[in-house]
Amino acid sequence: MPNPPAGMRADARRNHDRLVTEARATFAQNGTDASLEDVAKRAGVGIGTLYRHFPNRHALLNAVFADAVSDLLTRSRELLDASNPCTALVEWLRAVITHASEYRGLSRALMSASHDDASALAQCSGPMREAGSALLTRAQQAGSVRTGVAIGDLLQLTNAIALAAEETPGDPELADRLLALTLRGLKA
């Protein structure tokens with residue numbers, strides 16, 4: 001779980017941690033558009049307390065997904081040494097799609113925040129863009145992916161694939177098919 005700000009009183013720290021825990025559960029159950037009032041109620045605090053800790057939905061989403069983003073960043077660093085750079089990029093993109101698919105509405109939120117540096121979700125998207133860029137550059141240098149492909153476009157595509165899969169729950173293979181189709185278009 002992400003660390004609350006330094007110097008926080010013990011009761012405020014407990015509130016922060018409960019809010020993140022309950023937001024994670026609420027978002028898993030009801031999607032990322034779930035009522036923030038419900039999150040506060042489940043955490044046993046008022047909505048004002050939620051907003052003191054998290055001034056907007058994106059700030060709360062950032063806190064909820066910080067662990068998953070950390071895992072994706074760690075995985076990208078591990079994949080930088082893979083013998084096949086294109087396979088490494090594909091594996092990481094699959095992990096990104098899996099993450100974005102875990103919570104209904106997350107891919108939409110990530111897409112909307114991708115060009116908004118003021119969004120609290122930019123704290124997640126910036127490092128993700130850097131991690132993906134390193135993998136993409138390696139695949140391009142190996143001649144597996146054509147030049148001119150930008151990581152921002154590729155991340156938007158992965159979020160769009162996750163969103164399409166979310167909207168089509170009866171087709172569990174859709175994300176893999178769409179990713180394969182996308183990757184064919186990336187080949188050098």
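Above this text you will find the structure in question.
Owing to the predicted nature of the structure, the values given are computational and were not obtained by experimental measurement.

1. Thoughts on the packing of aromatic side chains
Evaluation of the coordinates by the stated rule reveals 1 aromatic pair. A ring pair is formed by F65 and Y103, whose centres lie 4.8 Å apart and whose planes are at 65°; its orientation type is edge-to-face. Here the residue F65 occupies a position in helix α4 (residues 57–79), and Y103 occupies one in the loop between α5 (85–101) and α6 (106–113), the gap between them amounting to 38 residues. Across the pair, exposure class does not vary: F65 and Y103 are buried alike.

2. As for α6
When we look at burial in α6, the residues that qualify are L106, S107, A109, L110 and A113. All buried residues of α6 project into a common sector of 160° when viewed along the axis, lining one side. In this structure, the buried residues of α6 make contact with α4, α5 and α8 (151–167).

3. Notes on the pattern of salt bridges
Going through the model one piece at a time under the given rule, you end up with 8 salt bridges. R75 is the salt-bridge partner of E78, the closest N and O atoms lying 2.8 Å from each other. In this pair, E78 and R75 both sit in helix α4, 3 residues apart, roughly one turn of the helix. Residues R108 and E167 are paired through a salt bridge, measuring 4.0 Å at the closest nitrogen-oxygen approach. With R108 in helix α6 and E167 in helix α8, the pair connects residues that are 59 residues apart, well separated along the chain. For R108, a relative accessible area of 41% puts it in the partly exposed group. Residue class for E167 comes out exposed when judged on its relative accessible area of 52%.

4. So, the packing of helix α1 (residues 10–30) against helix α2 (residues 36–43)
The N-to-C vectors of α1 and α2 enclose an angle of 130°; their axes lie 8 Å apart at closest approach. Judged on the interaxial angle alone, α2 and α1 are oblique. Our pair here, α1 against α2, has a crossing hand that is right-handed. Mapping the contact onto sequence places R18, L19, E22, A23, A25, T26, F27 and Q29 in α1 and L36, V39, A40, R42 and A43 in α2. Taken together, the residues that form the contact of α1 with α2 break down as 8 nonpolar, 2 polar and 3 charged.

5. Observations regarding the environment of V69
Summarising the element assignment, V69 is placed in helix α4. By relative accessible area, which is 9% here, V69 ends up buried. For the pair V69 and C124, spaced 55 residues apart in the sequence, the C-alpha separation amounts to 6.7 Å. Excluding residues within four positions of it along the chain, V69 makes contact with H99, C124 and M128.

Rules and cut-offs
Residues numbered from 1 in each chain as written. Predicted model: local features only at pLDDT ≥ 70, side-chain atom pairs only at ≥ 80, totals over all residues. Heavy atoms only, no water. Phe/Tyr/Trp six-rings, centres within 6.5 Å; stacked < 30°, edge-to-face > 60°. Helix = DSSP H or I, 4+ residues; strand = E, 2+ residues; numbered from the N terminus. Buried < 20%, exposed > 50% of the residue type's maximum accessible area, 1.4 Å probe, protein only. Arc of directions from axis to C-beta. Contact = heavy atoms within 4.5 Å. Salt bridge = Lys/Arg side-chain N within 4 Å of Asp/Glu carboxyl O. Axes fitted to C-alpha atoms, helices over the stretch in contact; angles between N-to-C directions. Parallel < 35°, antiparallel > 145°, perpendicular 65-115°, else oblique. Left-handed = near helix turned anticlockwise from the far one by under 90°. Nonpolar A, V, L, I, M, F, W, Y, C, P; charged D, E, K, R; others polar.

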